[in-house]
Amino acid sequence: MPFVFTCLAGLVLGLAPPAFSTHGASALKNIAVSENFYGVDIIDHQAWIVGYYGTILHSSDRGKSWEVQSSPTQSSLFNVRFVSPLKGWIGGSYGTVLHTTDGGKNWRAQAVGTTEHLFAADWLEETHGWLVGSRGTTVRTEDGGRSWSASTLPGDFTFSGIKFISATRGWMVGEFGAIFQTKDGGKSWVKQKSPVEVSFSSGASQNLFALLFTARTEGYAFGLDGIVLKTRDGSRWEIIRQRESANSAGATDHLFAAAVFNGRIFVVGERGTLLQSDPDTGNWRQVDLQIPRLSLNGIAIGKDGFGLTVGNRGLVLRTEDGGKTWKRLKIDPQLKTRNAFPLP
């Protein structure tokens, strides 16, 4: 699985804590706002961002101001999901799972039975949750995190995307372009036919990084070289965007995360890629952004059109109109724990 870890290098390189001088406190502030961000979630008017060195940022006013929430870990944090305004979960490196029941005022670590990196997660309501990651690792709970079951799929896959449409049926994607489906809540997984899957022995790289379902059986998978797959029945997958058919600038950049709003799909990826789909024609276009060519790693859009996308070196973009326009947020490097900084 060397290529997946190369693409996820920004996530894994932050696993070991850096050394600090006597100015360690200032360095910690800078890490919170200037290093890589990997995951973002929005619920109502609140938002959370997670990333390198255990960073957790929180906004209670639609991204207009922010605070650093106290984190019990220095591990890299890859995904964040809130199932209610108060209850949330975070997954990260070395089996890190954090849980809050008070909106992030207090985060507590939970043991889930693995020390593998947990790159992706999905939750249904407050009870059913799944996390997947390196070396074929899957962990799941059916009781809101009171107990966890960990298992390993054979094949040494790294999984980086997972999505459930019910408590029993879900999919996950990852290394070698593999797609797996479960119909029993993750107790067992069956490989589906993938139009981009390659064997380990081939030496080729064709990895899938993200999943998005816009209906119960209509889903999309995103990955290497700008590839996009679609299923209309949850069983058969077809290529709807690939390198040969993409002719715009940045059309072959890797795609890492996706969100949907009012029928339009937004996908983010390396080198500042932010694609938007046209629901009428099925075409994809790069959104015009005046930003550095840094990787965008996560995206979330709320029900009313407030959205965020996050990336490397503290890059954060904000929309208030459902993705029609995006503006970069400048985060104050002197941000202190629970001291808000203004949106410029």
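Presented here is a report on the structure given in the accompanying data block. No experiment lies behind these values; they were computed from the predicted model shown.

**Details of the overall build of the protein chain**
Item 1. What the protein chain contains, in helices and strands, is three helices and 29 strands.
Item 2. Put simply, the protein chain has 344 residues, and 58% of those count as buried.
Item 3. A separation of at least 24 residues holds for 44% of the contacts in the protein chain among residues at least 6 apart in sequence.
Item 4. Accessible area for the protein chain stands at about 14700 Å²; split by element, carbon and sulfur atoms hold 48% of it.

**So, the sheet that holds strand β26 (residues 307-311)**
Item 1. Strand order across the open sheet formed by four strands is β25-β26-β27-β28, with antiparallel pairing between neighbours. Every interior strand has two partners, whereas the edge strands, β25 (296-301) and β28 (327-328), have only one.
Item 2. When β26 meets strand β27 (residues 316-319), the two strands line up antiparallel, connected through four bridges. Each bridged residue has a counterpart across the sheet, and for Leu 308 the counterpart in β27 is Arg 318.

**Quick word on the environment of Lys 324**
Item 1. By secondary structure assignment, the location of Lys 324 is in the loop between β27 and β28.
Item 2. Between the C-alpha atoms of Lys 324 and Asp 288, which are 36 residues apart in sequence, the distance is 9.9 Å.

**A word on the packing of aromatic side chains**
Item 1. Overall, the coordinates contain 20 aromatic pairs when judged by the stated rule.
Item 2. On the basis of an interplanar angle of 90° and a centroid distance of 5.8 Å, the ring pair of Phe 82 and Trp 107 is categorised as edge-to-face. Taken together, the residues Phe 82 in strand β5 (residues 77-82) and Trp 107 in the loop between β7 (97-100) and β8 (108-109) connect sequence positions 25 residues apart.
Item 3. Trp 107 sits in the buried class, given a relative accessible area of 7%.
Item 4. Judged by centre distance (5.5 Å) and plane angle (90°), the ring pair of Phe 159 and Phe 180 falls under edge-to-face. Of this pair, Phe 159 sits in strand β13 (residues 159-164) while Phe 180 sits in strand β15 (residues 179-182); the two residues are 21 residues apart in sequence, bridging distant segments of the chain.
Item 5. Residue classification places Phe 159 among the buried residues on the basis of a relative accessible area of 0%.
Item 6. Using a relative accessible area of 6% as the deciding quantity, one classes Phe 180 as buried.
Item 7. Connected via pairs of aromatic rings, a cluster forms that spans Phe 157, Phe 159, Phe 176 and Phe 180.

About the cut-offs
Every chain is numbered on its own, with residues counted from 1 as its sequence reads. Since the coordinates come from a predicted model, pLDDT governs what is reported: local features require at least 70, and pairs of side-chain atoms require 80 or more to be given and counted, while whole-chain, interface and lining totals use all residues. Calculated side-chain values reflect all of the structure's heavy atoms, with hydrogen atoms and water omitted. Helix and strand definitions here come from DSSP, where helices need a minimum of 4 consecutive H or I residues and strands a minimum of 2 consecutive E residues; each element is numbered from the N-terminal end. Only protein chains enter the accessibility calculation, which uses a 1.4 Å probe; a residue whose area is less than 20% of its type maximum is buried, one above 50% is exposed, and one in between is partly exposed. Contacts were defined at the residue level, with two residues in contact if any of their heavy atoms lie within 4.5 Å. For the accessible areas, the method is Shrake-Rupley and the probe is 1.4 Å, while residue cover comes only from the protein chains on display. Pairing between two strands requires that DSSP report at least two bridges joining them. When two rings of Phe, Tyr or Trp (its six-membered ring) have centres within 6.5 Å they constitute a pair, described as stacked for plane angles under 30 degrees, edge-to-face for angles over 60, and tilted for the intermediate range.

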